[in-house]
Amino acid sequence: MTTPTPTTAPAEPGTAPVRRPYESYVYAYPHKTAYRPLADRPALGELWAGRSKDALALYAHIPFCEVRCGFCNLFTRIGAPDGLTGAYLDALERQARAVRDALAADGADVRFAAAAFGGGTPTFLTAAELSRLCDIAEHTMGADLRAVPLSVEASPATATADRLSVLAERGTTRLSLGVQSFVDAEARSAVRPQKRAEVEAALGRIRDAAIPVLNIDLIYGIDGQSEDTWRASLEAALAWRPEELYLYPLYVRPLTGLGRLPEPLSDAAWDSRRLALYRYGRDLLLDAGYTQVSMRMFRRSGAPESSAGDHACQTDGMVGLGCGARSYTPDLHYSFDYAVDMRRIRTIVDDYVERTGADFARADHGRRMDGDEARRRHLLQSLLQAEGMPVAAYTARFGTGPWDDFPAELAEFAARGWLADDTAAPGALRLTPEGLAHSDAVGPALFSPAVRAAMAAYERK
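On a predicted model such as this, the values are computed, not experimentally measured, just so you know.

(A) Looking closely at the confidence of the model for the protein chain. Counting all residues, the mean pLDDT for the protein chain is 89, and 89% of those residues have values of 70 or more. A low-confidence stretch, residues 1–15 (pLDDT under 50), is modelled with 41 contacts involving residues beyond four sequence positions or located in other chains. Under a pLDDT of 50 for its full length, residues 255–261 has, in the predicted model, 21 contacts with residues more than four places off or in other chains.

So this is what it looks like as structure tokens:
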């Protein structure tokens, strides 16, 4: 949803910094704006040699959308000239062969515990192209899509019956639909041209496809949104009894449609309004029988889990396919070049489809991960979950405790009332409800100085 550029107001000497509740959405650490070209272009076979590869995550990135929403700064291009999606899948298959060879080079077993197709909009592809994408994941990469959780993102316009039929037949366990608002005026305000009737029709087709988990994304903080209209969207979503609901705060980022407005939303009053709408939505969903999993995610009581029980993003590796996907080894996070500007994105996509198999055998852009960064990532990925982080697991992995490694940051969170006490969460480091509400301040507060500096120096493109 967003690209972070952490912003923390300066504080008087001896005082804690003034943290805005919406500094940035930390969905991965470090963010790709901290990546840089890798001068040595390390071979993937060397990067993965000797690594545990028995519980990997597979992610395939499809960088195409039918329109670009006003808030979107994801790596995606609008439309595709004739033949481009096919050429992109050709390149994805070449990359998959090179990556699979690299993973298997040391003779170790390679097993995928989870898979996801994201973007962009994977369902921008035709039904036949989606089937081919599944073939690449299964037959080239070796992921058993019918045996592991498979999550796919979709938009209302592209959630057609033929596409959904392919996804259901190939083992999709979770379909995430980007609705954002059921109120037509709010959709227009967010530069998302859709009608509620189209959204409802898409939801009906998804339910007909019998994919086990339906997730609906909603956004709060849209210009003109009120508590009444927010409730209307929440109730419209709940009418479909989705297994999951994600509530996203609106962010306005540079180079996006909303970011180009003469006076984009950015002030403290907007922060307060978003926080109030978040609390309203959280309480409404809790009253409706949903369990809070993170600041954004809510799961209906009794709904099936949508993630792999034996995969942990803090410790297990991830293999990314596609020009916007990232991959994780313990020592290096790597991807391709990153951009938000449409012209630059088109250039990167065009470069990707021209690559040979040998070009895909090395890492181009990334960031090295030392022990401090690994600790930060583990803490970030765990603490931002409602269940918190088992302290024993952290200590077993690193030989130190989180209070040893992050005394100042954790003391600040505790002083703000964001950390639960030991009696409320025995054996775990866990955020309070107010701490969860401020997840987008907690996360950036744990960024390392080096990552902050790299993100600040990043030239937007």
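(B) Quick look at the packing of aromatic side chains. Applying the stated rule across the entire model yields 17 aromatic pairs. Look at Tyr220 and Trp230: their rings are 5.6 Å apart centre to centre, the planes differ by 55 degrees, and that puts the pair in the tilted class. Within this pair, whereas Tyr220 is found in strand β8 (residues 213–220), its partner Trp230 is found in helix α7 (residues 227–238), the two being separated by ten residues in sequence. A single burial state applies to Tyr220 and to Trp230, both of which are buried. Its relative accessible area of 0% is what places Tyr220 among the buried residues. Among the aromatic residues, ring-to-ring pairing joins Phe64, Tyr88, Phe124, Phe336, Tyr352 and Phe360 into one connected group. Positioned over the ring face of Tyr251 is Arg274, at 5.7 Å from the centre of the ring.

(C) Looking closely at the pattern of salt bridges. For the coordinates displayed, the defined rule picks out 29 salt bridges. The residue Arg132 makes a salt bridge to Asp90 at a minimum N-O spacing of 2.7 Å. Here the residue Arg132 occupies a position in helix α3 (residues 127–140), and Asp90 occupies one in helix α2 (residues 84–104), the gap between them amounting to 42 residues. Its salt-bridge partner being Arg375, residue Asp405 comes within 3.1 Å of it at the nearest N-O pair. Within this pair, whereas Asp405 is found in helix α12 (residues 402–405), its partner Arg375 is found in helix α10 (residues 371–383), the two being separated by 30 residues in sequence.

(D) Inspection of helix α6 (residues 196–209) at higher detail. Here α6 contains 14 residues, and its C-alpha end-to-end distance of 20 Å stays within 8% of the 20 Å for a straight helix at 1.5 Å per residue. Directly beyond the C-terminal end of α6, a positive phi value near 60 degrees is found at Ala210.

(E) Expanded view of the pairing of strand β5 (residues 112–119). Along β5, seven of the eight residues are buried, which leaves the element largely enclosed by surrounding structure. Summarising the sheet, strand β2 (residues 56–62) and β5 pair through seven bridges and their orientation is parallel. Note on β5: the bridge partner recorded for Ile62 is Gly119. Where β5 lies against strand β6 (residues 150–154), three bridges are found, and the strand directions are parallel. If you follow Ala116 over to β6, its bridge partner there is Ser151. Crossover connection from β5 via α3 to parallel β6: handedness right-handed.

(F) Molecular detail of α3. Compared with the 20 Å implied by 1.5 Å per residue over 14 residues, the 19 Å span of α3 between its first and last C-alpha is a close match. When we look at burial in α3, the residues that qualify are Ala127, Glu129, Leu130, Leu133, Cys134, Ile136, Ala137, Glu138 and Thr140. Along its buried surface, α3 packs onto β2, α2, β5 and α4 (161–169). Once α3 finishes, Gly142 follows within two positions and takes phi at roughly 90 degrees, a positive value.

(G) Up close: the side chain of His61. In this fold, His61 is placed in strand β2. At 3.1 Å, the side chain of His61 and the backbone nitrogen of Gly324 are in polar contact.

(H) Focus on the pairing of strand β11 (residues 297–300). Residue alternation in β11 divides its side chains into two sets, Met297 and Arg299 and Phe298 and Arg300, and both sets are buried. When strand β9 (residues 244–249) meets β11, the two strands line up antiparallel, connected through three bridges. Each residue of the ladder has a partner; that of Tyr246, found in β11, is Met297. The pairing of strand β10 (residues 290–292) with β11 spans three bridges and is classified as antiparallel. If you follow Gln292 over to β11, its bridge partner there is Phe298. Remark: four residues form the turn of the hairpin made by β10 and β11, two consecutive strands paired antiparallel.

(I) Quick look at the packing of α2 against helix α9 (residues 342–353). The N-to-C vectors of α2 and α9 enclose an angle of 60 degrees; their axes lie 8 Å apart at closest approach. Judged by the angle between their axes, α2 and α9 are oblique. Contacts between α2 and α9 involve Leu84, Ala87, Tyr88, Ala91, Leu92, Arg94 and Gln95 from the former and Val349, Tyr352 and Val353 from the latter. For the contact of α2 with α9, the residue count by class is eight nonpolar, one polar and one charged.

(J) Spatial organisation of the packing of α10 against helix α11 (residues 391–398). Between α10 and α11, the shortest axis-to-axis distance is 11 Å and the interhelical angle comes to 165 degrees. By the angle class used here, α10 and α11 are roughly antiparallel. Remark: the crossing between α10 and α11 carries right-handed chirality. Contact with α10, carried on its side by Ala374, Arg375 and His378, involves Tyr394, Arg397 and Phe398 of α11 and no other residues of that element. For the contact of α10 with α11, the residue count by class is three nonpolar, one polar and two charged.

The rules behind the values
Residues numbered from 1 in each chain as written. Predicted model: local features only at pLDDT ≥ 70, side-chain atom pairs only at ≥ 80, totals over all residues. Heavy atoms only, no water. pLDDT = per-residue confidence, 0-100. Contact = heavy atoms within 4.5 Å. Phe/Tyr/Trp six-rings, centres within 6.5 Å; stacked < 30°, edge-to-face > 60°. Helix = DSSP H or I, 4+ residues; strand = E, 2+ residues; numbered from the N terminus. Buried < 20%, exposed > 50% of the residue type's maximum accessible area, 1.4 Å probe, protein only. Lys NZ or Arg CZ within 6 Å of the ring centre and 35° of its normal. Salt bridge = Lys/Arg side-chain N within 4 Å of Asp/Glu carboxyl O. Expected span 1.5 Å × (residues − 1). Pairing = 2+ DSSP bridges. Right-handed = clockwise from strand over helix to strand, strands pointing away. Polar contact = N/O pair within 3.5 Å; in protein donor to acceptor, adjacent residues only side chain to side chain. Axes fitted to C-alpha atoms, helices over the stretch in contact; angles between N-to-C directions. Parallel < 35°, antiparallel > 145°, perpendicular 65-115°, else oblique. Nonpolar A, V, L, I, M, F, W, Y, C, P; charged D, E, K, R; others polar. Left-handed = near helix turned anticlockwise from the far one by under 90°.

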